[in-house]
Every structure is written in structure tokens, then in C-alpha cells.
Amino acid sequence: MLFSRFCFLDQRSIMRGVVQRCSLRNLYNNYRQTCVTGFDRRRSLTTKPHHWEKLVTKPEQKHDWNRAVSEAEKIVGYPTPFLTVRQLLSDDFANVALHLRKLVGSNDPLLKTAKKAATEIVSISDNQRQFLYNGKNNMLAWGLIVLLVSKAAGPSAHIPDTEQNKSAGVLHSQRALAEVTEMIRISHLVHQGLVNLQPLTRAGHDMSMHSDMTFGNKIVLLSGDYLLGKSCAELAGLRNQELVELILSAVRDLAESEFIGDRDEQNNPLPSKPIPHQESPPEDVEDDNWVSSDVLKPMHKATCMGIPEKEWALRHILSAGSLLGKSCQGALKLAGHPEAMQRSGYLFGKHLSLAWQACLDLEPFQSNTLPLNATFSLVSAPVLFHLDYDPSLYSEIQKGYVSIENVDYEKIHSEVVKGPGLEKTKNLQRKHSSAAMKKLILSQPSDARTALQNIIFAMQDF
């Protein structure tokens, strides 16, 4: 009896050990799966059901966006941000990275810029992708949009098979153009990390105390110029003079976007003083009466400043919409499509980028209170619309003429949240989303067109 009881206890202890090992194995497998799917590590260690519900309900609204982008990437073959990584894996850029390491531990703004640019080029899996604001990552790959537009339109009949990538449904030259678009965009982000160490108020001062900042500026110039030069070399390799002229006009627009309107000493943009409605010029920056030569000309700026929607559109067409629109137009040009379709491609890219920017502008104002030390763009659509509604708030903006850090962001945030600017920005976002959708439905039904439509729909819930 004692022997049988001992055997029973021994079997029970063995079973307990097996259960414990199985539990550990299951916990380990769950942990691995959690890491692979990109959930937060704390979730895998939590066993309380109500805590899981709190964690999964918050990002649920963004799941459709993640899925729309992930499915779009599958349609064109592989994640587009990985294209630029392939271009950057060279000895030249490795030397830049070595110098960049010297700045680690300092407060050089280049590190923030590098982090922002890095999120543009790192390939992230579907569940790991996070789209965030103020310390988070807002990413919409321009190259992905270019490839989807290319595949949705398809090649014209006279394009030989040797120039086509049958598996992805796009031309080899169109894929190269998508890479060029990504690199130009990232070079623009990197160049924004330059710091003005000698503003007019401190001109001629000794620079020896700013050795780290001076070194950071050199790295900014080196990195940005390297990416821009690399993109120009890739662009020249396509051997299409009209395309080169088109894309370089977008580079010109990117440069102009950094010099329009009022600026503080570090070149941060400030909104123009609101103009009374009766003095608004009749010209509209959103005019779609377009011919092929129009996009090569510089945009009219004097008639837009001080008028909220026109100023906002001008700033963001120059800084983003021009590049995406002209890249989409160039992709259709490479495929031999007629000018009318190229026009639709340009307008689709322009309106899509403006709809995306309106989504980003709304993010900081989703809460009634501004987080501690948080900031937002003073030229965002909600702020510009509110200044038009309440010009007296412009006195607070004027405090930022030396540095935007002198502006009371909490005061501006609280006033904007209470005003009509948010609703007008939502209408602005719907307006450009609708305009992009109208241009998109002109193409034949396809999986690429459906993917673009899903991206536009997902913006509504971003």
C-alpha cells in the first residue's frame, strides 16, 4: 500500500512537472509569437482578461490602416521602404553612419531627424507597423503609392516585354522611379536637421563652443546631399529627359517650401497674418485646369499667404504633394500613357498627399489637453483655420518670431480645440480624399486600384 501510494505521489509529481514544462513551453511559444507579431512585450506576460481588452481596443481603429498598407505592399511584390535600404547599403553611407555615431549622447537635432528618416526606410511587418504622432511614426511610403498607380494603369501596348516585371505588374523603370522618389523624400527630411548656429542676433560669435552642433550640420549636409546625388544618378540612368525635368522641378518645389512665409531664426515656419475675407484674391491654388507644362512652372505664392486653405495647400503641395504627384505622373509617362492619364496621375498624387497631411494635422488635437512639453505645427490646418476665425490669437504666434519655443502651445491648443478649425480640417481631408478617389476610378478595376481605394478609406479612421 505504501509502495502504491508512493508510486501515485511520484506519478502525480511527474505529471505536475510535465504540466509545468508544458506551461513554460506554451508561455515561451506565446512570447515568441508575441514578439513576431509586434505586440507589446507586456501583453505576453499579462494573464488578466480585462487588461488584454484594454490593450487591444485602443489600436483597433488603426488595424484597417495597417492591413490596407500591408496588402498593398504584397500586390507590388515586397515592402517598398526596403527599396531604399538596398540603395543605402553601400560603403559610402556606412562611412556617414560611423560619423553619425559620434553624435550619440548629444542633443543634436540631427539625431531626431535621423530617427524620423530611419522610420521611412525600415521595412516593418504588418502587426509591427505603428503610425504615431509626437515621438511616434507617421509613415506613408511615396514609393508604394507610385508602384500601385503604375500597376493600376498598366503598361501601354507598345512597351516591350523585356522592360516589364511580370511578377509585380510594373516596369523596371517604374520601380526605379519609386526608389528615386523615396530617396528624394528622405534627403529632404535629413536636410531639415540643419541648425542655424549664427542667426542675425548672434552673427560673428565664436563657434568653438558649438563643435558638436557644427559637426552635426556637416553630417546633415553630407547625408542629405549623398541621398540626393544618388537619386539624381538613378534618375539619369532612366534616360528620359522629360522625366528628369519633371522630377527635378519637384526637387525645386521642396527647396522652395523651406523659404516661403514667415520663419523663426531656426527656419521653423510661422503662419502669415490672416487676410480679411473681402481682400481674398480670386485665384485658387487648387485649380485643376492643368496642362502638361504647368507643373514645371513655379507656383504662385503671393496670392495665397494669409488665406488659410490656400496657404496650407501651397505649403504642403511644395513640401510633399508636388513630389508624389509628379512621381505618379512620371510613372505613367514611362508606361507610354497619354497626357490625359498623366494629368489624372498627377492630381491623384497631389490630392492624396494633401488628404494624408490633413490627417496628420488633426492628430495633436484629438485630445482636449496637450501632453506635457508636446508641440505641433503652427502652420497646420486647424491652427490656420482658427486664426482666420479669431485673428486676435495671432499675437501669440508673433512671440515665436525669434524662436517657436517662446509660443504658448497649450494656449493655442485650447483655443483651437474650442473653435471651428477642427471641423474645417475634417472637411478639408474629406475634400481631398474625394478628389483623389475621383481620379482613381478613371482607371480599370484591378487589385492595385482596390488597394489604393482601401488606403483612402482607411485614412478616414486614422
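Throughout what follows, the structure given in this document is the object of discussion.

Reading the values: the criteria
Residues numbered from 1 in each chain as written. Predicted model: local features only at pLDDT ≥ 70, side-chain atom pairs only at ≥ 80, totals over all residues. Heavy atoms only, no water. Core = buried A, V, L, I, M, F, W, Y, C linked by side-chain atoms within 4.5 Å. Buried < 20%, exposed > 50% of the residue type's maximum accessible area, 1.4 Å probe, protein only. Helix = DSSP H or I, 4+ residues; strand = E, 2+ residues; numbered from the N terminus. Phe/Tyr/Trp six-rings, centres within 6.5 Å; stacked < 30°, edge-to-face > 60°. Axes fitted to C-alpha atoms, helices over the stretch in contact; angles between N-to-C directions. Parallel < 35°, antiparallel > 145°, perpendicular 65-115°, else oblique. Left-handed = near helix turned anticlockwise from the far one by under 90°. Contact = heavy atoms within 4.5 Å. Nonpolar A, V, L, I, M, F, W, Y, C, P; charged D, E, K, R; others polar. Polar contact = N/O pair within 3.5 Å; in protein donor to acceptor, adjacent residues only side chain to side chain.

Concerning the nonpolar core
By size, the foremost hydrophobic cluster in this structure holds 54 residues, and its most contacted members are Ile 145, Leu 148, Phe 348 and Met 459. Residue assignment for this core shows that the elements contributing at least two residues are helix 4 (63–75), helix 8 (142–153), helix 9 (172–191), helix 11 (241–257), helix 12 (308–334), helix 13 (339–362), helix 17 (421–440) and helix 18 (447–459).

Examining the packing of aromatic side chains
Scanning the entire structure with this criterion turns up 2 aromatic pairs. Relative to Tyr 409, the ring of Phe 376 has its centre 5.1 Å away and its plane inclined at 90°; by these criteria the two rings are edge-to-face. Separated by 33 residues along the polypeptide, Phe 376 in the loop between helix 13 and helix 14 (381–389) and Tyr 409 in helix 16 (residues 409–418) bring together distant segments of the chain. Pairwise contacts between aromatic rings join Phe 365, Phe 376 and Tyr 409 into one cluster.

Thoughts on the packing of helix 8 against helix 12
Remark: helix 8 packs on helix 12, axes separated minimally by 9 Å, with the N-to-C direction vectors making an angle of 30°. As summarised for this structure, helix 8 and helix 12 are arranged roughly parallel, according to the angle between their axes. Judged by the twist between their axes, the crossing of helix 8 over helix 12 is right-handed. Within the contact between the two elements, helix 8 uses Trp 142, Ile 145, Val 146, Val 149, Ser 150 and Ala 153 and helix 12 uses Ala 320, Leu 323, Leu 324, Ser 327, Cys 328, Ala 331 and Leu 332. For the contact of helix 8 with helix 12, a count of residues per class yields 11 nonpolar, 2 polar and no charged.

Description of unusual backbone geometry
We note that Asn 267 has phi near 65°; this positive angle belongs to a residue other than glycine. Within the secondary structure layout, Asn 267 lies in the loop between strand 3 (262–263) and strand 4 (269–270). Taking relative accessible area as the criterion, Asn 267 reaches 29% and is therefore assigned partly exposed. Even without a glycine there, the phi angle at Asn 373 is positive, about 65°. Under the relative-accessibility criterion, Asn 373 is labelled exposed at 70%.

Thoughts on the packing of helix 14 against helix 16
In the contact formed by helix 14 and helix 16, the axes pass within 10 Å of each other and the chain directions differ by 75°. When the axes of helix 14 and helix 16 are compared, the pair comes out roughly perpendicular. In this structure, helix 14 uses Pro 382, Val 383 and His 386 to contact helix 16, whose residues at the interface are Ile 412, Glu 415 and Val 416. Taken together, the residues of the contact of helix 14 with helix 16 break down into 4 nonpolar, 1 polar and 1 charged.

Points about the side chain of Ser 322
Position of Ser 322 among the secondary structure elements: in helix 12. A distance of 2.6 Å separates a polar atom in the side chain of Ser 322 from a polar atom in the side chain of Asp 253.

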